[in-house]
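Examination of the molecular architecture
Next come the chains, spelled out residue by residue.
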Amino acid sequence: MTDPRRQVPRTDAVLSAMTTEVDAHGRDAVKAAIHSAQDQVRAGIIDPNQVISHARAALRTGPRPVINATGVLVHTNLGRAPLSTAARTAIQAAAGTTDVEFDLATGARRQRGRSTMDALRAAVPAADDAHVVNNNAAALLLCAIVLAGSRDIVVSRGELVEIGDGFRIPDLLRSTGARLRGVGTTNRTTVRDYTDAISSDTGFVLKVHPSNFVVSGFTSTPEVADLAGLGVPLVVDIGSGLLAPHPTLPDEPDVATMLRAGASLVTASADKLLGGPQAGLLLGAAALIERLRRHPAARAMRVDKLTLAALEATLRGPRPPVVSALEADLTELGSRADRLAAALSERGIDAVAVSSLAVVGGGGAPGVELPSAAVSLPESYAQPLRVGVTPVVGRIEQGRCLLDLRSVMESDDDAILNAVLSVD
């Protein structure tokens, strides 16, 4: 019987094939990963030709890049909106020392991220001022702490929603010590319900855009303009981060429209339809923004220089991927699906180009379906594609694995082709 130790690849030979990993992780870390894989060969757990792949797998750290072929444009489980090339470049530039809180002309300290705030105000001229915190939940939390304290927040019962992973708006707001004053019913709320609840002990009125669901039938809710003159601040949480109206989503609320309708403050997520990094946006009345910015709790919710750089690049730069996906031409999507399916069929794979329906996701435009095109594969491809060298995540529909191209950048088509071809 051959001694398994004779079959173990030599360490120096494996190292010479892993120079990229040595540059990224250091020689000692790579050698440790190789030695661990060699031990698995000696134990008969893996084959000798698997040493490099197992060593590389052991060196992987942090989230892995994934191709989102689910057809969900803003997929929370996959990191929501992918950043634009401009935003990624900005993050690299900001990774060193920067002028994030420093005036190079005077040598004095200046407002943190001032150029990012300038970009945000320029993107939404209806806002007197703007502030950024680490996510939209933090934006609501800061409003509750500063504007309500231990007083009342008046909100429709139909808008006391759960925002994902078990986190609920009522629990979030009550955690600050504020009192929630629910008005109306689950399906119908009137202006009178709000006016009857407002008193000298009211901190603000909150209007929340429902996430991930639609209430239809015998329903009614006041418009923002109807609630703007009630004598207390009106905070509107639109969630999805649309800064201005978009023709593809005519019923989706946006920051500019809400402010023009009379909202005192609007809160939104930056990593959804805006297409930026995770952040919570606060836009509106200058006096209220200044109160929020100066409160001690704002320090705990502060974003770092990388987020500020990525957000500014998203606001000032070219169209981000999520907007490109939203505005994708259906004919071009179909052509891409045809090309991929044909290339796979030529290699004997059961691949067919099909029509499909994509969605916005991330709580944006619930109920809206976007016509799309997909490559249909046998369901057995789904799991191997997810665990491949370049993970590709599709969706299962009627016993087939669909790779929906509306959520895939065209530059990733070749990667999808290679990933499918690599499935044994």
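See the structure printed just above.
Residues numbered from 1 in each chain as written. Predicted model: local features only at pLDDT ≥ 70, side-chain atom pairs only at ≥ 80, totals over all residues. Heavy atoms only, no water.

Quick look at the nonpolar core
If you look at the biggest cluster of nonpolar residues, it comprises 37 residues, and the most contacted ones within it are V255, L281 and L283. Counting residues per element, this core draws most heavily on helix α11 (residues 255-260), at four residues. If near-sequence neighbours (up to four positions away) are discounted, V255 is found in contact with V124, I238, L242, L243, V266, A268 and L283. (Core = buried A, V, L, I, M, F, W, Y, C linked by side-chain atoms within 4.5 Å. Buried < 20%, exposed > 50% of the residue type's maximum accessible area, 1.4 Å probe, protein only. Helix = DSSP H or I, 4+ residues; strand = E, 2+ residues; numbered from the N terminus. Contact = heavy atoms within 4.5 Å.)

Section: the sheet that holds strand β7 (residues 202-208)
Across the sheet, which stays open at both edges, the seven strands sit in the order β2-β10-β9-β8-β7-β3-β6 with mixed pairing between neighbours. Across the chains shown, the open sheet's two edge strands, defined by having one partner strand only, are β2 (129-133) and β6 (179-183). On average, adjacent strands in this sheet sit at an angle of 25 degrees to one another, irrespective of strand direction. Pairing analysis gives five bridges linking strand β9 (residues 265-269) to strand β10 (residues 280-284), with the strands arranged antiparallel. From the neighbouring strand, S269 faces β10, where its bridge partner is G280. On the sheet, helix α12 (residues 286-294) packs against β2, β9 and β10 and is oriented at approximately 30 degrees with respect to β2. (Pairing = 2+ DSSP bridges. Axes fitted to C-alpha atoms, helices over the stretch in contact; angles between N-to-C directions.)

So, the packing of aromatic side chains
Tallied over the entire structure, the rule returns zero aromatic pairs. A cation sits over an aromatic face here: R188 above F218, 4.1 Å from the ring centre. (Phe/Tyr/Trp six-rings, centres within 6.5 Å; stacked < 30°, edge-to-face > 60°. Lys NZ or Arg CZ within 6 Å of the ring centre and 35° of its normal.)

Re helix α3 (residues 27-42)
The terminal C-alpha atoms of α3 lie 22 Å apart, and with 16 residues this matches the ideal 22 Å at 1.5 Å per residue to within 8%. For α3, the full list of buried residues reads V30, A33, I34, A37, Q38 and V41. Looking straight down α3, one finds that the buried residues subtend no more than 140 degrees of arc, so they occupy a single side. In this fold, the buried residues of α3 make contact with α1 (11-16), α2 (19-25) and α4 (51-59). (Expected span 1.5 Å × (residues − 1). Arc of directions from axis to C-beta.)

Focus on the pattern of salt bridges
Using the criterion set out here, one finds 24 salt bridges in the structure. Across the salt bridge formed by R42 and D39, the nearest N and O atoms sit 2.8 Å from each other. Placement of both R42 and D39 in helix α3 is noted, with a separation of three residues, approximately one turn of the helix. For R42, a relative accessible area of 38% gives the class partly exposed. Among the residues examined, D39 registers a relative accessible area of 46% and is labelled partly exposed. We note a salt bridge from D201 to R179, for which the minimum N-O separation is 2.2 Å. Here D201 is found in the loop between α9 (191-197) and β7, whereas its partner R179 is found in strand β6, with 22 residues between them in sequence. The exposure class assigned to R179 is partly exposed, which follows from its relative accessible area of 39%. Within the structure, one salt-bridge network assembled from shared partners comprises D118, R121, D129, E290 and R293. (Salt bridge = Lys/Arg side-chain N within 4 Å of Asp/Glu carboxyl O.)

Observations concerning the sheet that holds strand β11 (residues 352-358)
The strand order β11-β12-β15-β14 describes an open sheet built from four strands, whose pairing is antiparallel. A strand with exactly one partner marks an edge of an open sheet, and here the two such strands are β11 and β14 (395-397). Within the sheet, the average angular offset between the axes of one strand and its neighbour, ignoring direction, is 45 degrees. As defined by bridge partners, β14 adjoins strand β15 (residues 400-404) across three bridges and the pair is classed as antiparallel. Paired with E397 across the two strands is R400, which belongs to β15. Strands β11 and β12 (370-378) of the sheet are contacted by helix α16 (residues 330-345), whose axis makes an angle of about 5 degrees with β12.

A word on the pairing of β9
Counting buried residues along β9, five of its five residues qualify, which places the element largely inside the surrounding structure. In terms of strand pairing, strand β8 (residues 234-239) meets β9 through four bridges, oriented parallel. Paired with D237 across the strands is T267, a residue of β9. With respect to chirality, the unit in which β8 leads through α11 into the neighbouring parallel β9 is right-handed. (Right-handed = clockwise from strand over helix to strand, strands pointing away.)

Observations regarding the environment of G394
Relative to the elements of secondary structure, G394 occurs in the loop between β13 (392-393) and β14. Overall, the relative accessible area of 25% leaves G394 in the partly exposed class.

Some points on helix α18 (residues 413-421)
The complete set of buried residues in α18 reads D413, I416, L417, A419 and V420. The arc enclosing the buried residues of α18, seen along the axis, measures out at 165 degrees, which places them on a common side. Every exposed residue of α18 that faces more than 90 degrees away from the buried side is listed here: D414 and N418. Tucked inside the fold, the buried residues of α18 contact β1 (67-68), α16, β12, α17 (382-386), β13 and β15.

Remarks on the packing of α3 against α4
At a minimum axis distance of 8 Å, the contact between α3 and α4 shows a crossing angle of 130 degrees. On the basis of their axis angle, the class for α3 and α4 is oblique. For the crossing formed where α3 meets α4, the hand is right-handed. Facing α3, whose interface residues are A29, V30, A33, I34, A37, Q40 and V41, α4 presents V51, H54, A55, A58 and L59. Looking at the contact of α3 with α4 residue by residue, the class counts come to 10 nonpolar, two polar and no charged. (Parallel < 35°, antiparallel > 145°, perpendicular 65-115°, else oblique. Left-handed = near helix turned anticlockwise from the far one by under 90°. Nonpolar A, V, L, I, M, F, W, Y, C, P; charged D, E, K, R; others polar.)

A few points about the environment of V132
Turning to its location among the elements, V132 is positioned in strand β2. Once the C-alpha coordinates of V132 and T267 are considered, the two residues, 135 residues apart in sequence, prove to be 9.6 Å apart. Among all residues touching V132, those that are not within four sequence positions of it are M117, L120, A279, G280, L281, V303 and L311.

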